[in-house]
Amino acid sequence: MNRLHKFLTIGLLALSSTACKEDFLERQPPNIILESQVWNDPKLITSLLANYYDRLPAHTQIDLGWDQFAAYDEAMWSGNNDGPNNIVNYSFDRWRLWDYGLIRDINLALENIEAKSTALTTAQKTQFSAEFRFLRAYMYFEMVKRMGGVPIITKQLIYDFSGNPTSLQFPRNKESEVYDFVASELDAIKNDLGNAGSNTRANRYTAMALKSRAMLYAGSIAKYNNLLGAPIQTAGGEVGIPANRAVEYYTKALEASKEVIAGPYSLYRANANLGENFYEAITKKLNNNEVIMAKDFLVTKDKRHSFSYDNIARNIREDNLSSSNITPTLNLVEDYEYLDGTSGELRTRTANDQDYIYYDNLSGPFANKDARLYGTVIYPGTSFKGLDVQIQAGVAVWNGSSYQLVEGNTLGSTYTDGKLLTGSSGPQRSQTEVSNSGFYLRKYIDPAPLSSTRGIRSDMWWVRFRLGEVLLNASEAAFELGNTAEALTYVNQVRARAGFPANSLTSLTLARLQNERRVELAFEDHRVWDLKRWRIAHQVWDGNTANPDAMLTALYPYRVVRPGSAQDGKYIFVKMVAPRFRAPRLFQFGNYYSSIDQAVINNNPKIVRNPFQ
């Protein structure tokens, strides 16, 4: 017993000694990262940056908000319910963005790197700070293009609990001041960003690509807002940019574009099939020198999305649960010109409108079209993933004097002659999850096996910046500055990649450049912003059923059944307003700037409202 007491006494003394060195209850939990650890570990700072990159906004992108591709005129909704097909008008809060949560997080990160990163080298601090400032500039651009001028906050705001919040209340900066801030920040950091060769993190060329876009927007607003009968503006300049600054902004856009063009990027030209080549220019991740910056995904890390699952063509889907929700419109398809330079309007009727034009195959009307159409849209007679996408609405039966159009309710059904009636991918007038427009999306649909299954999904990336856009930015900026010859060199490079002859354009108009952006950048979240900055959205989408731009249209192919005639077995095509489309698009003057949430105004009386709201 005395021996046991001796051992217990020794053990307690040892335990007491250990407790003196480290209080058991005060040990740091292993599952919590301390702030001091974050700001002294480059890997942890990089992880934080990854979170902030992931939070960068976009109105429509393949992992978020993609249904809104159907809210304008690139696509319509062919999924369940009406989706955006019945938009009577655009609400004033559409496109609203007032994300000072991310701005505060970035400001806090910048202050902590400066004050708490004692283990980082000066070079590391400089590079990380530059990257955070790039993200902040990106955010301010995303806000100004939606809201107009917003308060520029570059330090964290701390409430003192005095009961007086005025120290936290800032007025809106002028719209021009926000664009100036974006430009000056990007110029200041471009040489400190590092990340050379990266297309998922910002480098100097990414900064200049952002500046190219932002300055083009500012120049357009300065010019075209002031060409309206009554400019959209506020007395304090929170909305509206003086017309005399247009040249300055266009010059900055052109200079930034030239820096990118002189960099290590080139238009993708790896595939001799020009249509497939354009598709790969946006979707191929390896050996793609066109993409400047993308939001990436990775199935093996469970970072993936369902865009292909929800939008792959009906008859080649790998699950029987979803597909074909957004389907491109005839409006978009007809904006792709023929390679001989003629209008892209599809030829479906004879010149005197007395008869149909008969085609030997379903792809006939699309022969010799701009290759970007194939890379963007699955149209009749084409395939995807090595499988034919069977697009046929029905048959046109000759009754002796005219055609009777017969359509099947069952996809893939046959007619009484034993041949195909309605394709297994439609189009179909009323059925959901099958194209109502006569087309399917190709751009951003993943060709990888099982990528359209709910279990696997897709890791197709989302391109934020690529050289094709920067060349068009440069062309537009040079054109607006009166440098037409220079503008032609840039736009003709983009057109040549699509199959047009070298120097296919010898003269240039703004309308021509607008169409080039329409067809090159379809489904890349540019369309609505372009129409807004040119101040023509209210003309294109005027709510009038007689306006073909405000109505979404479809193309339905039919196999001719006319035994004994040379036309038997050929195909005709019928244009129509998409059967499930409900209401013409209506864009109002109050939509050029999104409304500010009333709660923001209630909390800060210095915030003025946007016009028409």
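Cut-offs used in this document
- Residues numbered from 1 in each chain as written.
- Predicted model: local features only at pLDDT ≥ 70, side-chain atom pairs only at ≥ 80, totals over all residues.
- Heavy atoms only, no water.
- Salt bridge = Lys/Arg side-chain N within 4 Å of Asp/Glu carboxyl O.
- Helix = DSSP H or I, 4+ residues; strand = E, 2+ residues; numbered from the N terminus.
- Buried < 20%, exposed > 50% of the residue type's maximum accessible area, 1.4 Å probe, protein only.
- Contact = heavy atoms within 4.5 Å.
- Pairing = 2+ DSSP bridges.
- Axes fitted to C-alpha atoms, helices over the stretch in contact; angles between N-to-C directions.
- Core = buried A, V, L, I, M, F, W, Y, C linked by side-chain atoms within 4.5 Å.
- Parallel < 35°, antiparallel > 145°, perpendicular 65-115°, else oblique.
- Left-handed = near helix turned anticlockwise from the far one by under 90°.
- Nonpolar A, V, L, I, M, F, W, Y, C, P; charged D, E, K, R; others polar.

(A) How the structure looks around the pattern of salt bridges. Under the counting rule described, the total for this entry stands at 49 salt bridges. Where Arg497 meets Glu290, a salt bridge forms, and the shortest distance between an N and an O atom there is 2.7 Å. In this pair, Arg497 sits in helix H14 (residues 484–497) while Glu290 sits in the loop between helix H9 (274–283) and strand S2 (291–295), placing the two residues 207 residues apart along the sequence. What makes Glu290 buried here is its relative accessible area of 0%. Across the salt bridge formed by Glu516 and Arg372, the nearest N and O atoms sit 3.0 Å from each other. You can see Glu516 sitting in helix H15 (residues 510–520) and its partner Arg372 sitting in helix H12 (residues 371–376), a full 144 residues away along the chain. Considered together, Glu516 and Arg372 belong to a single accessibility category, that of buried residues. Salt bridges sharing common partners tie together Glu290, Glu337, Asp370, Arg372, Lys443, Arg466, Arg495, Arg497, Arg512, Glu516, Glu520 and Glu524.

(B) Structural detail: the side chain of Ser176. Checked against the element boundaries, Ser176 lands in helix H6 (residues 175–189). Contact partners of Ser176, with chain neighbours within four places excluded, come to Ile241, Arg245 and Tyr249.

(C) Structural context of the pairing of strand S10 (residues 462–466). Taken across its 5 residues, S10 has 5 buried, putting it largely inside the fold. Strand direction decides the pairing type here: S2 and S10, joined by 4 bridges, are antiparallel. Residue pairing for S10: Ala294 is matched across the bridge by Val463.

(D) Expanded view of the sheet that holds strand S12 (residues 571–577). Overall, mixed pairing links the 4 strands, which are arranged S8-S7-S11-S12 in an open sheet. The open sheet has two edge strands, strand S8 (403–407) and S12, and neither has a second partner. Within the sheet, the average angular offset between the axes of one strand and its neighbour, ignoring direction, is 35 degrees. Strand direction decides the pairing type here: strand S11 (residues 553–561) and S12, joined by 7 bridges, are antiparallel. Bridge pairing links Pro557 to Phe573 in S12.

(E) Main features of the nonpolar core. Grouped together as the largest cluster of nonpolar side chains are 104 residues, with contacts concentrated most on Phe132, Phe134, Tyr140, Tyr179, Leu186 and Trp541. A per-element tally of this core places helix H5 (residues 122–147) first, with 13 residues. Discounting chain neighbours no more than four positions away, the residues touching Trp541 are Tyr72, Asp73, Tyr90, Arg527, Val528, Leu531, Asp549, Ala550, Arg585, Leu586 and Phe587. Among the nonpolar cores identified, the runner-up in size contains 52 residues, and Val333, Leu411, Tyr440 and Ala522 belong to it.

(F) A look at the packing of helix H7 (residues 204–224) against helix H8 (residues 246–261). Packing of H7 against H8 brings their axes to within 7 Å, and their N-to-C directions diverge by 155 degrees. The angle between the axes of H7 and H8 places the two elements in the roughly antiparallel class. Note on packing geometry: the crossing formed by H7 with H8 is left-handed. For the contact of H7 with H8, the per-class residue count stands at 14 nonpolar, 4 polar and 5 charged.

(G) How the structure looks around the environment of Gly149. Along the chain, Gly149 turns up in the loop between H5 and H6. We classify Gly149 as buried; its relative accessible area is 0%. Between the alpha carbons of Gly149 and Tyr179 there is a distance of 8.6 Å; along the sequence they are 30 residues apart. Residues in contact with Gly149, not counting those within four places in the same chain, are Val144, Arg172, Asn173, Lys174, Glu175, Val178 and Glu238.

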